[in-house]
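A closer look at the structure
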Amino acid sequence: MGFTRRDLLKFTGGSAAGLAFTPVPWRLLRDSALVSENWPGVPQPAQGEIRTRYTTCTLCPAACGVRARCVGDQPVSLAGVPGHPASHAALCTVGLVGHHLPFCGGRATRALANGRAVAIEQVLARVSAAIAQCGPDESVAILDARPGRAASQVYRRFLAGLDNGIYCAPPEAQPYGPFGIDLENTRAILSFGVPVLDGWLSPGRVLANRSHFQLIQVEADYSRTASLADLWVPVAAGDAAFAAAVAHALRGSGEDAHAADVARILGANQPAIAIGGGAGNLNAILDSVGRPGGFLRRRDYAPATDLAAVPDHSIQVLLAEESALPWSLLERKLATRNAVVVALTPWLDGYARHADYVIPAPLYLESLDEVATPAGSTAAGFSLSPALVAAPVGVMAPADFILRLAHDATSYADVLKQRVAALKKDGRGTVFTYSDAKSTRVQDIASTSDLWKTLLGGAAWVDDPVPQVSTGFPIPAAETGDPPLHSSPLMSKLERESGLRPARRYAI
Amino acid sequence: MSATQTKPARYGMAIDLDRCTGCGACMIGCAVENNVPPARPEATPRTGITWMRVYQISNGAPFPDRRAAFIPILCQQCGNETPCAAVCPQEAVEVDPATGIVDQMPQRCLGCRYCMAACPYHARYFNWWDPQWPPGMERTLNPDVATRMRGVVEKCNFCHGRLHAARTHAATEGRRDLLPGEYVPACAEACPAEAIVFGDLNDAASEVAKLARDGHSFRILERLGTDSKIYYRTARAWVRAAAEEPAARKENDRG
């Protein structure tokens, strides 16, 4: 009797049924899972020496201290620095994943002239020629995204050497001019549309003091700050009539019920401040300037030209760092014929889309950088932001480009060293070191070289307070910028997978 | 009990809802620490992976008396009749008696998702896709945490990699027990509002134990008797009412 087709089918079916009662299929399932965990498609974390390095965040003017956990030279996570004078121990969501930025698309890595790759020397020659050809009514402007830096001094020096140089900065970069906010002693904040709990100043500093102040939010939107404020006044933030009603109520007159509520809270919680474009003269009535808990003057302010105040169609050559200012505003200021725009940017999809020339700039953590006074700080400040990763070949710091344009042989690193030397020479202030959370008087640091090494290892210089004199009131300016052009792909956790909105506006 | 520990711990959290501003730093810190990949283009709140997820709720009052609160939801580390552990056919979930942490072993996971159905807190997530990062970004992965493969369930484990690192550090100093604050999950470290306090609930002197005993503290769905280790704290009655007993069929009012 032979082995028939039917026998084969019976044997196969019986074997399959029998196998199901053995551990074999379940073992295979588990083992295949183990294999699949390691197959080539599944990313494996790099292994190496774990090190802690320190730097300062340059992504916004909040100047937060950063502790980076690195595998070899590659940062794998960022965290705040406990005790940091500006940021306490916190970072915002964008700062927590700042080390992911080099892996975002749309990076500018080569100098471009009208979209074509060129040598930076060619761009230098063409821009120099364009500057030389400027007429008496045509100006050369630099848009400095982060005023107050040593790089800003480079820009100012270069423009001062020209007959028609204009130094500009976005208004939100210096929202209170020469004033800072003594948030630690403020007991009430009347905010006209400022996202106080959603990206204002340094989140660590604001939230560390949140229990000390009453927050009144005047805003028509049901924003995150409005929803969490102690009192939400659903009135348009720029409504001058409401600010006037509050002023009346503070003086004991007026009939507006909302304004009376606001005045009662402000009166019961002194010192109080008013912030935002609608604040008007409320700070004068609240007597909030020059006293603890209010606006305090600091030492380092140097005013910049507001681009909005520059005559339309007057800029012949514009060198612009990537900033929150909309391109439409810049475009209106450009000369109608043959204007030259140089974008000093790490990205191809911002100002670079409109520029004649693109100079690729390094990203945060890719090159030695600096951070000026933290936004809203009552004392001048300075930090270095040392590089943690290598920058792509071909990028150039904007300050280095301007130095070469000015035929200055010094490098940006030299400029930073000069700034540190000046700090040591002045001898004022203290240096807070990130690694041990200790503060040391500058006078007690032995030499300029030691101060440089300290700042390079992660430290923040904080100026001494200045005597307060009554010299006017803060002029309300834009207190927030737009969201950053790029952020880590992990922000999709908030935006797409949880429906949670990231910070409505970018930290200032 | 672990060989490195002399007395069992009961790690837990106290989350102050009155301090939480819903910034999402805890979610981002968690994703970075635990190698959770960016969302796929087709991912939704239902299919995405966020070991910690911040929900926004509102008091339901009409404009302009409407108010909001944010509630971070993560694995509640149930200590009693742990629902996910009870239903897992693969024994891929177990409660560590030395720490009280509910551990998930993706290598054992079959992907049946019984645990997801059993979890009353919806704090478990299924890998619908292979984990993928943009080119080069794999270099930023945390070396202490393995990536998970497609087809398995994952969830918060109180940053187990950090627990191991803290134990190793303690061992190098000749200690068998961890010091308070030596082991802190990434979400607690990242929270700029300091709304998340982590520690050993068995240590009556610890900050987290004190907060858990606070009159304003409560646990979500406490009536289920799961003995969760995540305590929430609020002085606002409507927040407590909404969080203790989520309204049926009502979508969370996300921000």
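Remember, it's a predicted structure, so these values are computed and weren't measured experimentally.

**A word on a nonpolar patch on the surface**
Together, Phe3, Leu8 and Phe11 of chain A line one region of the surface with nonpolar side chains, adding up to about 370 Å² of accessible area. Looking at where Phe3 of chain A falls in the secondary structure, it is placed in the segment before helix H1 (5-20).

**Structural notes on unusual backbone geometry**
A negative phi angle characterises most non-glycine residues, just as the trans form characterises most peptide bonds. Residue and element names in this part refer to chain A. Gln270 connects to Pro271 through a cis peptide bond whose omega is 0°. Phi at Ala63 takes a positive value of approximately 60°, unusual for a residue other than glycine. Its place among the elements puts Ala63 in the loop between strand E1 (50-56) and strand E2 (65-71). Despite not being glycine, Leu365 has its phi angle at roughly 80°, a positive value. Topologically, Leu365 is positioned in the loop between strand E16 (357-360) and strand E17 (369-371).

**Thoughts on the domain arrangement of chain A**
All names here are of chain A. Assigned domains of chain A: these are domain 1 (50-103) and domain 2 (179-297). Between the C-alpha centres of domain 1 and domain 2 there is a distance of 31 Å. The interface is formed by 8 residues belonging to domain 1 together with 6 residues belonging to domain 2. Across the domain 1/domain 2 interface, buried area totals approximately 440 Å², and carbon plus sulfur atoms make up 68% of it. Among the residues domain 1 hides against domain 2, the three largest losses belong to Ala62, Ala86 and His88. Together they make up 59% of the total. On the surface where domain 1 and domain 2 come into contact, there are 0 salt bridges.

**Let's talk about the packing of aromatic side chains**
Where two aromatic rings form a pair, the distance of their centres and the angle of their planes describe that pair. Applying the stated criterion across every chain yields a total of 11 aromatic pairs over all chains. On the numbers, 5.7 Å between centres and 50° between planes, the contact of Tyr176 of chain A with Phe295 of chain A is tilted. One end of the pair, Tyr176 of chain A, is in the loop between strand E7 (165-168) and strand E8 (179-181); the other, Phe295 of chain A, is in strand E13 (residues 295-297), and 119 residues separate them in sequence. Among the residues examined, Phe295 of chain A registers a relative accessible area of 1% and is labelled buried. Between the aromatic rings of Tyr183 of chain B and Phe198 of chain B, the centroid separation amounts to 5.0 Å while the plane-to-plane angle is 80°, which identifies the pairing as edge-to-face. Highlighted residues: Tyr183 of chain B in the loop between helix H4 (160-172) and helix H5 (186-190) and Phe198 of chain B in strand E8 (residues 196-200), separated in sequence by 15 residues.

**Remarks on the nonpolar core**
In terms of nonpolar packing, the biggest core is built from 95 residues, with Trp200 and Ile275 of chain A together with Phe158 and Tyr232 of chain B touching the most fellow members. Counting only domains with at least three residues in this core, you end up with domain 1 (50-103) and domain 2 (179-297) of chain A. Those residues in contact with Tyr232 of chain B that lie beyond four places of it in its chain are Ile15, Leu17, Ile71, Pro72, Ile73, Leu74, Gln76, His216, Ser217, Phe218 and Ile220 of chain B. Counting residues in hydrophobic clusters, the runner-up holds 49 residues, among them Ala113, Phe158, Phe382 and Val431 of chain A.

**Digging into the confidence of the model for chain B**
All names here are of chain B. Averaged over all residues, the pLDDT of chain B equals 89, while 93% of them reach at least 70. Every residue in residues 249-255 scores below 50 in pLDDT, and together they form 16 contacts with partners more than four places removed in sequence or on other chains. Confidence estimates for the predicted assembly give a pTM of 0.89 and an ipTM of 0.90.

**Points about the interface of chain A and chain B**
At the interface, 59 residues of chain A touch 62 residues of chain B. Summing the contributions of chain A and of chain B, the shared interface buries around 5,100 Å²; its carbon and sulfur component is 63%. Together, Phe103, Arg496 and Glu497 of chain A form the three largest contributors to the area buried by chain A at its contact with chain B, with a combined 13%. For the pair chain A and chain B, the number of links is 2 salt bridges. Measuring nitrogen to oxygen at the nearest pair gives 3.4 Å for the salt bridge that ties Glu189 of chain B to Arg67 of chain A.

**Topic: the side chain of Asp369 of chain A**
Residues and elements named next belong to chain A. Mapped onto the secondary structure, Asp369 falls in strand E17. Among the polar contacts listed, one links the side chain of Asp369 to the side chain of Tyr412, at a separation of 3.3 Å. Here Asp369 is in contact with Thr58, Arg146, Arg149, Ser383, Leu384, Ser385, Tyr412 and Leu416, once residues within four sequence places are set aside.

**Some details on the sheet that holds strand E3 (residues 74-80) of chain A**
Residue and element names in this part refer to chain A. One open sheet holds the 3 strands; their spatial order is E1-E2-E3, and the pairing between them is antiparallel. Two strands bound the open sheet, and with one partner strand each, they are E1 and E3. Neighbouring strand axes in the sheet, compared pairwise and without regard to direction, differ in orientation by 30° on average. The pairing of E1 with E2 spans 7 bridges and is antiparallel. When the sheet's bridge partners are listed, Thr52 is paired in E2 with Arg69.

**Regarding the confidence of the model for chain A**
This prediction gives chain A a mean pLDDT of 88; 94% of its residues lie at or above 70. Within chain A, the lowest mean pLDDT, 73, falls on helix H2 (residues 24-38) of chain A, and the highest, 96, falls on strand E19 (residues 430-433) of chain A.

**Comments concerning the packing of helix H8 (residues 240-250) of chain A against helix H9 (residues 257-268) of chain A**
Residue and element names in this part refer to chain A. As a packed pair, H8 and H9 sit with axes 8 Å apart at the nearest point and diverge in direction by 55°. In terms of orientation, H8 and H9 fall into the oblique class. Considering how the two elements wind past one another, H8 and H9 form a crossing that is right-handed. Only His258, Ala259, Ala260, Val262, Ala263 and Leu266 of H9 make contact with H8, whose side of the interface consists of Phe242, Ala245, Val246, Ala249 and Leu250. Its residues placed into classes, the contact of H8 with H9 shows 10 nonpolar, 1 polar and no charged.

**A closer look at the sheet that holds strand E1 (residues 11-16) of chain B**
Residues and elements named next belong to chain B. Strand order in the open sheet made by the 4 strands is E8-E1-E10-E9, with mixed pairing throughout. In the strand order of this sheet, the two ends are held by E8 and strand E9 (217-218), each with one partner. As judged from the 5 bridges shared by E1 and E8, these two strands associate in the antiparallel manner. Residue Tyr11 lies in a different strand from E8, and its bridge partner there is Asp200.

**Let's talk about the pattern of salt bridges**
When the charged atoms of two side chains with opposite charge come close together, those side chains can pair. All names here are of chain B. A complete count under the given rule lists 32 salt bridges over all chains for this structure. Note that Asp130 and Arg150 form a salt bridge whose closest N and O atoms lie 3.9 Å from each other. Placement of Asp130 in the loop between strand E6 (124-126) and strand E7 (153-155) and of Arg150 in the loop between E6 and E7 is noted, with a sequence separation of 20 residues between them. The partly exposed category is assigned to Asp130, whose relative accessible area is 23%. Overall, the relative accessible area of 48% leaves Arg150 in the partly exposed class. For Arg233, the salt bridge goes to Asp214, with nearest N and O atoms at 3.4 Å.

Cut-offs used in this document
- Residues numbered from 1 in each chain as written.
- Chains lettered and ligands numbered in written order.
- Predicted model: local features only at pLDDT ≥ 70, side-chain atom pairs only at ≥ 80, totals over all residues.
- Heavy atoms only, no water.
- Patch = residues over 30% accessible without salt bridge, like charges linked within 9 Å, V, L, I, M, F, W, Y side chains within 5 Å.
- Areas by Shrake-Rupley, 256 points an atom, 1.4 Å probe, with all protein chains shown as cover.
- Salt bridge = Lys/Arg side-chain N within 4 Å of Asp/Glu carboxyl O.
- Helix = DSSP H or I, 4+ residues; strand = E, 2+ residues; numbered from the N terminus.
- Domains from an automatic or database assignment.
- Contact = heavy atoms within 4.5 Å.
- Buried area = accessible area lost by both parts, 1.4 Å probe.
- Phe/Tyr/Trp six-rings, centres within 6.5 Å; stacked < 30°, edge-to-face > 60°.
- Buried < 20%, exposed > 50% of the residue type's maximum accessible area, 1.4 Å probe, protein only.
- Core = buried A, V, L, I, M, F, W, Y, C linked by side-chain atoms within 4.5 Å.
- pLDDT = per-residue confidence, 0-100.
- Polar contact = N/O pair within 3.5 Å; in protein donor to acceptor, adjacent residues only side chain to side chain.
- Pairing = 2+ DSSP bridges.
- Axes fitted to C-alpha atoms, helices over the stretch in contact; angles between N-to-C directions.
- Parallel < 35°, antiparallel > 145°, perpendicular 65-115°, else oblique.
- Left-handed = near helix turned anticlockwise from the far one by under 90°.
- Nonpolar A, V, L, I, M, F, W, Y, C, P; charged D, E, K, R; others polar.

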